[in-house]
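In case you want the letters, here they are:
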Amino acid sequence: MTLNDLHQTKEAEIAARKKIVLRCCQAAGCTSSDSKGVKERLEKAVAEAGLQNEVEVRGVGCMKLCCEGPLVQADPSDALYVKVTPDNAPAIVAALKGGRSTLAQADPHSPFFTLQQSIVLTNCGVIDPERIEAYIAADGYQALHEVLVEMTPKDVVDTIVKSGLRGRGGAGFPTGLKWGTVAKSPGVKKYIICNADEGDPGAFMDRSVLESDPHSILEGMAIAAYAVGADQGFIYVRAEYPLAISRLHNAIRQAKRVGLLGSGIFESPFNFTIDIRIGAGAFVCGEETALMASVEGKRGTPRPRPPFPAERGLWDCPTLINNVETFANIAPILRRGADWFAGIGTEKSKGTKVFALAGKIQNTGLIEVPMGTPLSTIVEHMGGGAPDGGRIKAVQTGGPSGGCIPRQHLDTPVDYESLTKLGSIMGSGGMIVMDETTRMVDVARFFMEFCMDESCGKCIPCRAGTVQMHHLLEKILARQATARDLAKLEELCDMVKNTSLCGLGQTAPNPVLSTLRFFRHEYEELLQPDPHGPRTPATPVPPLTAAN
Amino acid sequence: MALPPSPEKPRIAARYLPQAAGDKRFKILEAHIKKFQHRHDALIEVLHKAQELFGYLEDDVLRYVAAQLKLPASRVYGVATFYHFFTLKPQGAHTCVVCLGTACYVKGANRVLAAVEQQLHIKAGETTPDNQVSLLTARCIGACGIAPAVVYDGTVTPRQSPESALAQINQWVTP
C-alpha cells in the first residue's frame, strides 16, 4: 500500500456513492430490536421500487439516540426515523420520493444532536464499520502514512504532549507523558495494549466506538506503536461484547490484507501486528497490571506499582496501555494538528469526552461534548431531563469507582478536576441519571455489592473490607443499624481507600463517601437509636517520639 | 554414574485422549490449541473455545487443556474459577441472563430478576432441577440505552418488565 493507493481507494469509494443513502444502525443496541431485519427489508423495498441505482442502504454503527432504536436516517434529507420496524421499510422508501410520511421521526436538530461535538464519534453512525474502504474514504490511515513517512517517533510524542490529551480511561494521566516514558524505556521488545475491558456497569462508549469505527482504534494503536518503538499490540476486549469482537477481527483481517498491518507498512521499515485477547468477565482486569496478567493467560490479579507498565509490563517488557477512546483521539490529532485539539475544552482538560447517558432520563444514548460542558446542559438540555415529569436527583459518574453528584451541583463543568473536587471521578464516561424515586443508600449498597463480588481477593483491605461495608449497608437498609454502625462504616471506608493495593479497592468506598457527603440524611433516617448511648471516642494513642 | 532408564511413559496428552478419542469436540479443541502453538498465554482463549464446544468446563476438559498446554492443573483450575465467564457446572437447555448493570438496576432489573426467581423457584446462578432453564445475571452488557435488558438464549431483548420476562420464561417451562 502506498499513499497513491490510499488516494485511489478513497476516490473510487466516493465515486461509487449513490445520491441517496439510507443509514441503518447496526450497533448492539439497535440490533437487539431487529435492526438487521429492518436493513434487509429496506434493501428489498429499494429493489422493488427500482431505485437500486440511486439509493444505498448502508449498515452503520451507533447513531447515538439508543432509546429510540432501531434508527434509520436518510441522506441528504436528514429525516431520522425512530423505532423502525421491518414493516415500515416500504413507507421509508416511498418518502424518499417526496411526500410526507406518517412514521415516527426524531428531530435531528434537537439539542441532543446539535450540542455534540464529534472527534471520536465523527465516523460513528456515518460509515460502514465492516468495510475498510469506507474508513479510508473518511481520510482514514492518512495520519499513519504521514507519521511513518514524515515524522520521527519523537515528533509524534511531542505532538501528543502538545495536544494536552489525557487518558480517557478515568484517571486522566497525560497521554504524551506516558508515551514519552515508554519510548525512553530501554528494551528491544515493547508492547501496546488497548484497554477495551469496559467493566463499569452503565458505560457503553467503548463498545459503541469498537462497533462503529474499529479502524480508528487500529490506526491510533499503529501510530502509538511507531512513537514508542513497539511492534506488537493487543486489544483486550470483554467477552460480553461479541459484536465488537467480530468487527475487530474483521477490521484486523482487512487491514492485514491491504498491508496496513503487518510488515513494512507504507513501504517503511515499520512492522506492527495486533492480536485480540478476550476477557472473561472480571472487572478488576480493567486495572492495568491485572489486565496484563490476564493477557499473559493468568488470573487477573493486580500487582504493586512501581514498576509501572511503562518500564516493566507485559512479560517484563515496557508496555503502553491506553483506553479505546484515547486511541480513537490519536489519528484526528495528527490529521488536524495539536493546536486544533488544544483549542477545544478547558485549560487542563483538552478535547471532547464521550459519555453514555442512561438511567432515568428521556434521551438515553451516546453523546460527545467538549470538556467543560456543564452537567446540567448534558442531562437537562441534551438528555431532556427525567421522564414523566420527574425531577433529577443526582447524576452518577465513574461507575463503582465514582460518586453521585447531587442536583444542586449540576452546574459543575465536566472536567477531570471539577468532578474530583465533588468526590466523584470522570471515569470512563458512564453517566447514570437518578430521579427522586432512587434511594441513595440502595445505590451505595448496589455498588458495594459489585465491588465485593469483583474483588480479586489478593489484598485484605479490599477482600474483607468490601464484605464488611456491604454488611453494614445491608444492616442500615434493614433499619437495624445505629449511629455506631454508621461511624464504623465511615472508618472502614477510610481504611479501605488508603490501604488497598489497586484502584478497585482504593475507589470502592467512593459511592458510599459521596452519597454520605450529599445525602447523609437518607442514611440517618434509617438509623435506630443506640441502646448503649453515643459512642465514646477511643483514648488517643500517645505519639511515638524519637526517645522511645 | 548413569541413572537407570525410566520406564516408557505414555505422552502426557495421550493419557486423557482415550476417552476423548471418539469425541470430535476434543479434536476441534486440539486444533485450536495448535493454532496458538501451545503457548501458555493462550490459556484463556483455549478455555473460551472449550466452553463454547462443551457448554461448560468439566474436570476432564480442564485436565486435557492443562496437559496440552503443559501447565499445572492447579493453574488451569485457578484461571477457570477466577473468571466469572467460565462455568464448571452444566447449563440448562435455555439461559436467561438478567443484566444488573447500573442503568438496568435503576430501571428495575432487580424486580425482573425477583419475578423470574419466584417463578422458577431458583436463585440467580442456578439451573432448574429439570435442566430446562439456567438463570444468570450479568454486570452490564453495554445495552444501557435500552434498559432493562435481558438476554434470552443469546438474544438481547430490550425494555423488559417482570410481566414480559415471565411471558418468555413460561414459553420454555410449560410444554
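The structure presented is a predicted model; accordingly, all values stated were derived computationally and were not measured. Residue positions within a chain follow its written sequence, with the count starting from 1. Naming scheme: in the order in which they are written, chains are lettered from A and ligands are numbered from 1. Local features in this predicted model are restricted to residues of pLDDT 70 or higher, and side-chain atom pairs are both shown and tallied only at a pLDDT of 80 or more, whereas totals for entire chains, interfaces and linings draw on every residue. The basis for the side-chain values is all heavy atoms of the structure; hydrogens and waters are excluded.

### Looking at the layout of surface pockets
Residues and elements named next belong to chain A.
At step 1: Points on a 1 Å grid, built from protein atoms alone, make a cavity when a 1.4 Å probe fits but cannot get out and make a pocket when they are open with protein on both sides within 12 Å along at least 5 of 7 lines; residues with an atom within 4 Å of a point are the lining residues. Grid points are joined across faces, edges and corners, and a volume is the space filled by probe spheres set on the points. Approximately 1,400 Å³ is the volume found for the second largest pocket.
At step 2: Taken together, 50 residues form the lining of the second largest pocket, with Gly169, Gly170, Ala171, Gly286 and Glu287 sitting closest to its centre.
At step 3: Helix and strand definitions follow DSSP, with helices as H or I runs of at least four residues and strands as E runs of at least two, each counted in order from the N terminus. Elements that contribute at least two residues to the lining of the second largest pocket include exactly α9 (175-184), β6 (191-196), β9 (319-323), α17 (416-421) and α21 (503-507).
At step 4: Considering every element that reaches the lining of the second largest pocket, the biggest residue donor is β9, with 5 residues.

### What to know about empty space enclosed by the protein
Residue and element names in this part refer to chain A.
At step 1: For the structure on display, the rule yields 2 cavities of 30 Å³ or more.
At step 2: When its volume is computed, the largest cavity comes out at roughly 60 Å³.
At step 3: In terms of lining residues, the largest cavity is bounded by Pro302, Ser455, Cys456, Gly457, Lys458, Cys459, Cys462, Leu501, Cys502, Leu504 and Gly505.
At step 4: Side-chain classes are defined by residue name, with Ala, Val, Leu, Ile, Met, Phe, Trp, Tyr, Cys and Pro counting as nonpolar, Asp, Glu, Lys and Arg as charged, and the others, Gly among them, as polar. For the lining of the largest cavity, the residue count by class is 7 nonpolar, 3 polar and 1 charged.
At step 5: Taken as a whole, the second largest cavity spans an internal volume of roughly 40 Å³.
At step 6: Every residue lining the second largest cavity is listed: Cys25, Ala27, Gly29, Cys30, Cys62, Cys66 and Arg207.
At step 7: A per-class count over the lining of the second largest cavity returns 5 nonpolar, 1 polar and 1 charged.

### Some thoughts on the nonpolar core
At step 1: The nonpolar core is taken to be a set of buried Ala, Val, Leu, Ile, Met, Phe, Trp, Tyr and Cys residues, with the residues joined through side-chain atoms within 4.5 Å. Residue exposure (1.4 Å probe, protein chains only): buried if accessible area is under 20% of the type maximum, exposed if over 50%, otherwise partly exposed. Tyr141(A), Trp179(A), Ile192(A) and Phe272(A) are the most contacted members of the largest nonpolar core, which totals 152 residues.
At step 2: When residues in this core are grouped by element, the largest group, 10 residues, is from helix α11 (residues 214-228) of chain A.
At step 3: Residues within four places of Phe272(A) in sequence aside, it is in contact with Ile192(A), Met221(A), Ala222(A), Ala225(A), Ala230(A), Asp231(A), Gln232(A), Gly233(A), Leu261(A), Gly262(A) and Ile265(A).
At step 4: Ranked by size, the runner-up nonpolar core spans 49 residues in total, among them Phe234(A), Met292(A), Cys456(A) and Leu62(B). Contacts: residue pairs with any heavy atoms within 4.5 Å of one another.

### A short note on helix α3 (residues 35-48) of chain A
All names here are of chain A.
At step 1: The terminal C-alpha atoms of α3 lie 20 Å apart, and with 14 residues this matches the ideal 20 Å at 1.5 Å per residue to within 8%.
At step 2: Of the surrounding secondary structure, the elements contacted by the buried residues of α3 are β1 (20-25), α2 (28-31), β2 (55-60), β3 (72-75) and α4 (89-96).
At step 3: Immediately downstream of α3, the backbone of Gly50 shows phi near 70°, a positive value. Multiplying 1.5 Å by the residue count of a helix minus one yields the expected span of that helix.

### Here's the deal with the sheet that holds strand β3 (residues 150-152) of chain B
Residues and elements named next belong to chain B.
At step 1: Here a strand pair is declared whenever DSSP counts at least two bridges between the two strands. The 4 strands are arranged β2-β1-β3-β4 in an open sheet whose pairing can be described as mixed. Here the strands that pair on one side only, and so sit at the sheet edges, are β2 (133-138) and β4 (155-157). Sheet twist, expressed as the mean angle between neighbouring strand axes with direction ignored, is 25°.
At step 2: Axis angles are defined between N-to-C directions and span 0 to 180 degrees, where every axis is a line fitted to C-alpha atoms and, for a helix, only to the segment in contact. Set on the sheet, helix α7 (residues 109-120) makes contact with β1 (94-99), β2 and β3; between it and β2 the angle comes to about 160°.

### Some points on helix α1 (residues 3-15) of chain A
All names here are of chain A.
At step 1: Taking 1.5 Å per residue, 13 residues should reach 18 Å; α1 reaches 18 Å between its end C-alpha atoms and fits that length.
At step 2: Turning to α1, its buried residues number three or more, namely Leu6, Lys10 and Glu13. One side of α1 holds all its buried residues, which, seen down the axis, span an arc of 70°. Summarising the geometry of α1, the exposed residues directed more than 90 degrees from the buried face are Glu11 and Ala15.
At step 3: Contacts made by the buried residues of α1 are with α6 (132-137) and α7 (142-150). Read the arc as the range of directions from the helix axis to the C-beta atoms.

### Structural notes on the packing of helix α10 (residues 205-212) of chain A against helix α14 (residues 324-336) of chain A
Residues and elements named next belong to chain A.
At step 1: Running from N to C, α10 and α14 cross one another at 45°; their axes reach a closest spacing of 9 Å. When the interaxial angle is binned, α10 and α14 end up oblique. Between α10 and α14, the contacting residues are Asp206, Val209 and Leu210 on the first element and Val324, Glu325 and Ala328 on the second.
At step 2: Its residues assigned to classes, the contact of α10 with α14 comprises 4 nonpolar, no polar and 2 charged. Convention used here: angles under 35 degrees read as roughly parallel, angles over 145 as roughly antiparallel, angles from 65 to 115 as roughly perpendicular, and any remaining angle as oblique.

### Concerning the interface of chain B and chain A
How big an interface is tends to be reported as the loss of accessible area on association of its parts.
At step 1: The partner chain A presents 54 residues to the 34 residues of chain B that form the contact.
At step 2: The term buried area denotes the loss of accessible surface (1.4 Å probe radius) that occurs when two parts are joined, taken as the sum for both partners. The contact between chain B and chain A buries some 3,400 Å² in all, and 57% of this surface belongs to carbon and sulfur atoms.
At step 3: By salt bridge we mean one thing: a side-chain nitrogen of Lys or Arg within 4 Å of a carboxyl oxygen of Asp or Glu. Linking chain B with chain A are 2 salt bridges, by the criterion used here.
At step 4: In this structure, Asp41(B) and Arg277(A) form a salt bridge, with 2.6 Å as the shortest nitrogen-oxygen distance.
At step 5: Two N or O atoms count as a polar contact when they lie within 3.5 Å, although within protein this holds only if one can serve as hydrogen donor and the other as acceptor, and sequence-adjacent residues are included solely when both atoms are side-chain atoms. Seen at the junction of chain B and chain A, the total is 21 residue pairs in polar contact (both at pLDDT 80 or more).
At step 6: For the side of chain B that touches chain A, the elements supplying multiple residues, two or more each, are α3 (43-54), α5 (73-82) and α6 (102-106) of chain B.

### Details of unusual backbone geometry
At step 1: A cis amide bond links Gly69(A) to the next residue, Pro70(A), at an omega of -5°.
At step 2: Examined against the element boundaries, Pro70(A) turns out to sit in the loop between β2 and β3.
At step 3: Between Pro306(A) and the following residue, Pro307(A), the backbone shows a cis peptide bond with an omega angle of 0°.
At step 4: Although it is not a glycine, Phe266(A) sits at a positive phi angle of roughly 55°.
At step 5: Mapping Phe266(A) onto the fold places it in the loop between α12 (242-257) and β8 (273-278).
At step 6: A relative accessible area of 7% places Phe266(A) in the buried class.
At step 7: Of note in the backbone geometry, Arg159(B) takes a positive phi value of approximately 45° without being a glycine.
At step 8: Using a relative accessible area of 37% as the deciding quantity, one classes Arg159(B) as partly exposed.

### Brief notes about the state of the cysteines
Residues and elements named next belong to chain A.
At step 1: Throughout, disulfides are identified as pairs of cysteine sulfur atoms within 2.5 Å of each other. Scanning the entire structure with this criterion turns up 0 disulfides over all chains.
At step 2: Cys62 carries a free sulfur, and the closest cysteine sulfur to it, the one in Cys66, is 3.9 Å from it.
At step 3: A relative accessible area of 3% places Cys62 in the buried class.
At step 4: For the unlinked cysteine Cys462, the closest cysteine sulfur is that of Cys459, found at 5.1 Å.
At step 5: When its relative accessible area of 6% is taken as the criterion, Cys462 is described as buried.

### Let's talk about the pairing of β3(A)
Residue and element names in this part refer to chain A.
At step 1: With 4 bridges connecting them, β1 and β3 associate as antiparallel partners. Counted as the bridge partner of Val21 is Asp75 from β3.
At step 2: The pairing of β3 with strand β4 (residues 80-81) spans 2 bridges and is classified as antiparallel. In the sheet register, Val72 faces β4, and the bridge partner there is Tyr81.
At step 3: In sequence, β3 turns back onto β4 through a hairpin of 4 residues, with Asp78 there showing a positive phi of about 75°.

### With respect to the packing of α7(B) against helix α8 (residues 162-173) of chain B
Packed helix pairs are specified by the crossing angle of their axes together with the interaxial distance, meaning the distance between the axes.
Residue and element names in this part refer to chain B.
At step 1: Here α7 crosses α8 at 30°, and the two axes come no closer than 9 Å. The orientation of α7 with respect to α8, classified from their angle, is roughly parallel. Helix-helix and strand crossings are classified by hand; for α7 and α8 the assignment is right-handed. In this structure, α7 uses Arg111, Val112, Ala115, Val116, Gln119 and Leu120 to contact α8, whose residues at the interface are Pro162, Ala165, Leu166, Ile169, Asn170 and Val173.
At step 2: Of the residues assigned to the contact of α7 with α8, the class counts are 9 nonpolar, 2 polar and 1 charged. Put simply, a crossing is left-handed when the front helix is turned counterclockwise from the back one by less than a right angle, and right-handed when it is turned clockwise.

### Brief notes about the domain arrangement of chain A
All names here are of chain A.
At step 1: These domain limits were set by an automatic method or by a database of domain assignments. Each domain of chain A was delimited in the assignment, giving domain 1 (18-107), domain 2 (140-342), domain 3 (356-393 + 406-433) and domain 4 (440-524).
At step 2: Each of domain 1 and domain 2 was reduced to a C-alpha centroid, and the two centroids are 34 Å apart.
At step 3: Each partner contributes to the interface: domain 1 provides 7 residues, whereas domain 2 provides 7 residues.
At step 4: Buried surface at the junction of domain 1 and domain 2, both sides included, amounts to about 450 Å², of which 56% is carbon and sulfur.
At step 5: On the domain 1 side of the interface with domain 2, the three residues burying the most area are Gln26, Ala28 and Cys62, jointly 56% of the side's total.
At step 6: For the pair domain 1 and domain 2, the interface holds 3 residue pairs in polar contact (both at pLDDT 80 or more).
At step 7: Considering only residue class, the side of domain 1 that touches domain 2 consists of 4 nonpolar, 3 polar and no charged.

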